[in-house]
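If you want the building blocks of each chain, they are given just below.
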Amino acid sequence: MENIYLPKLAEIKEIIQETNDTKTIRLAINGGSIDFLPGQFGEFSVIGEGESTFGFSSSPLRKEFFEFSFRTSGRATTGINGLNPGDKLSFRGPYGNYFDTVGMKGKNLVFVGGGIGMAPVKSILEYCFDERDDYGKITVLYGARTVNDLLYRNVFDDWKKYKNTEVVITVDPGGETPDWTGKVGFVPTILEQLPLKGENSIAVVCGPPIMIKFALKSLEEKMGFDKENIITTLENRMKCGLGKCGRCNVGSVYVCKDGPVFTARELESLPNDF
Amino acid sequence: MEEKYFEILAEDLKKFVNSLISDNFNVIAPKDKDGDTFYGKIDKFDEANLDILLPKMSYKEYLLPKTETLFEYSVSGVDVDIKDGLGAVTGENKKRVIFGGRPCDAAAGPIMDKVFNWDYKDEFFNERFKNLTIISIACKKPDNYCFCTEMQLSPESSYGSDILLKKEDNKYFAAVVSEKGLELITPYLSLFKEITKAQIPADKDWKKVFEIEKTKGFLDKNFEHNYFQDRFLSCIGCGICTYTCPTCHCFDIQDEGNLKEGRRIRNWDSCQFAIFTLHTSGHNPRVTQGDRYRQRLMHKFKIYSEKFNKYLCVGCGRCSRNCPEDIDIKEVVKDLAGLI
Amino acid sequence: MANIDEKLQKIAKDLLESGEVSLVIGFAVGSNPQRMRPVFITKAEDANRLSFNHHAVQDLAVFLKKPEVKKFGKIGIVVKGCDEKALNALIQEYQVSRDNIKIIGVECNGVIRQNLADKGETAVSEASVYDKCLICNEHTPILYDYLVPSEDPKLNLSGNLKPYARIEELDSMSPEEKNSFWEKEFDKCIKCYACRQACPLCYCSRCIVEKNMPQWIDTNLEETGNAQWNLIRAYHLSGRCIGCGECERACPVNIPLMLINEKMARDVNNLFGYKSGLDINAKPVFGVFSESDFNEFIK
């Protein structure tokens, strides 16, 4: 008889201080990664401090570790923030649905991320890089409030090396530093400046609700993306991740089971309860 | 299994229940306490109050305890030792009987069962449910807060019961509808007289006063309707409706203890609390009490029904009777059915 | 229609029509004739829904803490004497501005216990009303802008019934006996927090149970968590509780919370000579320090 609430213990391989208050933690169970798919999430915890829900931010094809990124804000994340490489973290998952990596094959891909919302985007993005020949042109647009709020700065250059790939990094007006060479402007604004077309393309958009709202509008109205081809994730508060505790339901979906990945078409049919 | 029918004299029913107790069954029945009636363990038949329509609380806690230990932990260095909480559940007294509850309460079992097993299997729930035998008594006279008939049940429904009793004068008719029920009475069969279905009085023709499908129809299309904000100004956001509800099952998961040792538990929780959906960022999808009461209606009459093709409500009316501000859910769902 | 209802309706209608208030919170007939319920009137033509009788158990002052209600600005509110004390305490604690409320006081000679009313009781008597009614000194509200007289006869007190009699019983118990009494009571607690939500003075925007850094109160619904919750709530209300009894009425598992609150109120009165909710100009007893304060506990 299996206790579905029982966590596994994962060993911390590496901790990357991304920004002042965000970190990426690389974990291994039995020395390596676990089976999951981009878009899925897990429940992570320092036992004794409570669980938190995070999406995976690494490509599942990279077998030596799996990773998530978090911002320190409450009791559970303060606990995780205090850990060091070699420490153990409790983990349940993977849970939820995932990006349709098969359906994306042969398409041009646009990845749009804002702030820490880039985490799940990084997972699917790096998955596509790992299978680079399966996909058409890849455009990455990532923005944060300031230069110092950008996560994954250490891998931007790696991304740029892939063929037929454009990587655009932007910060909100006022968030630039004197030596900043990227763009300055809100994500939806910069998005509209990119030469993108909805035809044969799929866009993945994750970030703060306000960014998603405007980015979706631009993609649909200005660039002609079909709602079916715009994909995002919902970040409702969750506890169990198993479709039981009743916290994350919206309309008639359980975000933890039927989501967190939804097309803009699916979102349209949900009531404004997220 | 094929249903079996029996007749038992009131005095023999008393003997039957007293025998169960002396044979170490844990018998839970409506019991008077503090001027009201609650489900509780009885030590003899006479402690049960079978006249009351419904105890103040449901017996949900025997399926989903107020607090459940999911596991215990102890930490030394980087090593964590985890002791599975399921062990304690499987070790519990397995012989538990709910006696004298009502058809609505019994219906809550299979309704919750769907949630706890639709995908991942919750063995805490399953183990308890499996070991619970439910003997319900059909209602003769529902009160004004009852609406089980509208909820696809009836005061005489056997859905979720193992044995359904119907009282008539000084005897009871018993419909044994499950293997569990049959197994329970088999050692005491001398007290029961087998009869045919035809000998049991037919169910009354219970009339519906509204169509719950219409309520759902309203909820499908009117999420932003003013009704919710206006009507639930009088809701004070206590969790009584959810906590006394036999089908409300939402829970919280918390760690308790210190970094050396402790346990992870799940506690009853309520969608009526603002903190229930509060994001770390400070964003809350449900800001007003109107939003939160609407969620309770949505979950019961839309979300659950779209997933499981039944409603997450048995029409027991406890949320109405117990509401300190007299919000009557029957009136509300009837209102909504009429607004469509 | 009862005379009292007409008077209430007239006041509410005038207040709404003149624009002096944008909302009147009052009572209306509830889900059965033995129940009243809160009603929120924003249009003068709806004022005819207002009613009042001895089933009007709710303390409507509780709604003044709701953000959804606060946004109405100027509010008229129907209060019994006990409920009105809650208004006074809220004014004392700067939660409500006297200028923003029109107090529609109703004389009250006792409200019938809801569990008895649900069983059909309709007569006000020593045996049918709440204990708070038996010790009530404010049958006429202390402060009001309008006063509507009662239609119930004055309560006839025989003196045989001792309100909150358990308090003396508990006082005479040993600490172990008291502990076991309360352990048993708190064991029933399901942490629905109805006591908090029904309380007009529990208005913290983030309750201590919702704080987890540190975790002040164990989250469990068992011995430790239940006792911690009930005790901390009692302390947060000491010197503040005005005795409306809404926590106890709301409690779905019948924990006798008023024994705690009334005991606290008596102690505060004995030790500091202070009763909560009597005077909007008084400083809350634990909000001020006086050299003459009882201070034996520091010794």
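Residues numbered from 1 in each chain as written. Chains lettered and ligands numbered in written order. Predicted model: local features only at pLDDT ≥ 70, side-chain atom pairs only at ≥ 80, totals over all residues.

(A) A look at the overall build of chain C. Broken down by element type, chain C carries eleven helices and five strands. Here chain C holds 299 residues, and 46% of them are scored as buried. Considering only intrachain contacts with a sequence separation of at least 6, the fraction spanning at least 24 residues in chain C is 70%. (Helix = DSSP H or I, 4+ residues; strand = E, 2+ residues; numbered from the N terminus. Buried ≥ 20, exposed ≤ 12 C-beta atoms within 10 Å, placed from the backbone. Contact = placed C-beta atoms within 7 Å.)

(B) Quick look at the interface of chain A and chain B. Each partner contributes residues to the interface: chain A has 33 residues there, and chain B has 43 residues. Of the residues in the side of chain A that touches chain B, the class split is eleven nonpolar, eleven polar and eleven charged. (Nonpolar A, V, L, I, M, F, W, Y, C, P; charged D, E, K, R; others polar.)

(C) Up close: unusual backbone geometry. Following Gly259(A), the chain continues to Pro260(A) via a peptide bond in cis, the omega torsion being 10 degrees. Locating Pro260(A) in the fold gives a position in the loop between α6 (255-258) and β15 (261-263). Cis geometry marks the peptide bond from Met213(C) to Pro214(C), where omega comes out at 0 degrees. The phi dihedral of Asn30(A) falls on the positive side, at around 50 degrees, and the residue is not glycine. You can see Asn30(A) is positioned in the loop between β2 (22-28) and β3 (41-45). C-beta crowding within 10 Å serves as the criterion here: with 9 such atoms nearby, Asn30(A) is assigned to the exposed category. In this model, Tyr152(A) sits at a positive phi of 60 degrees, which is unusual for a non-glycine residue. Within the secondary structure layout, Tyr152(A) lies in the loop between β8 (138-144) and α3 (156-161). Owing to 23 C-beta atoms within 10 Å, Tyr152(A) belongs among the buried residues under this scheme.

(D) Spotlight on the sheet that holds strand β11 (residues 251-257) of chain B. Residues and elements named next belong to chain B. Ordered by their spatial adjacency, four strands build an open sheet running β5-β4-β12-β11, and the pairing between neighbours is antiparallel. The open sheet is flanked by β5 (79-84) and β11, the only strands paired with a single partner. Averaged over all adjacent pairs, the angle separating strand axes in this sheet is 20 degrees, with direction ignored. (Pairing = 2+ DSSP bridges. Axes fitted to C-alpha atoms, helices over the stretch in contact; angles between N-to-C directions.)

(E) Geometry of the sheet that holds strand β3 (residues 75-79) of chain C. Residue and element names in this part refer to chain C. With mixed pairing, five strands are arranged side by side in an open sheet as β2-β1-β3-β4-β5. One side of each edge strand has no neighbouring strand; the edge strands of this open sheet are β2 (36-41) and β5 (146-148). Neighbouring strand axes in the sheet, compared pairwise and without regard to direction, differ in orientation by 25 degrees on average. Where strand β4 (residues 101-106) and β5 come together, three bridges link them in parallel fashion. Note that in β5 the partner of Val106 across the bridge is Val148. Each of β1 (23-29), β2, β3, β4 and β5 touches helix α1 (residues 3-17); the most contacted strand, β1, lies at about 155 degrees to it. Lying on the sheet, helix α3 (residues 81-92) is in contact with β3 and β4; it crosses β4 at an angle near 155 degrees.

(F) Up close: the packing of helix α6 (residues 212-221) of chain B against helix α9 (residues 289-308) of chain B. Residues and elements named next belong to chain B. The contact between α6 and α9 brings their axes to 10 Å, and the two run at 95 degrees. On the basis of the axis angle, α6 is roughly perpendicular to α9. On α9, the residues touching Ile212, Thr215, Lys216, Leu219 and Asp220 of α6 are Leu297, Met298, Phe301, Lys302 and Ser305. Of the residues assigned to the contact of α6 with α9, the class counts are five nonpolar, two polar and three charged. (Parallel < 35°, antiparallel > 145°, perpendicular 65-115°, else oblique.)

(G) How the structure looks around the confidence of the model for chain C. Per-chain confidence: chain C averages 94 in pLDDT, with 99% of residues scoring 70 or above. Complex prediction metrics read pTM 0.94 and ipTM 0.94. (pLDDT = per-residue confidence, 0-100.)

(H) Representation of the pairing of strand β9 (residues 165-171) of chain A. Residues and elements named next belong to chain A. As judged from the seven bridges shared by β8 and β9, these two strands associate in the parallel manner. Following the sheet pairing, Leu141 is matched in β9 by Val168. Viewed along the sheet, the connection from β8 through α3 into β9 turns out right-handed. Pairing of β9 with strand β10 (residues 183-184) involves two bridges; the strand directions are parallel. For Thr170, the partnering residue across the bridge sits in β10 and is Lys183. (Right-handed = clockwise from strand over helix to strand, strands pointing away.)

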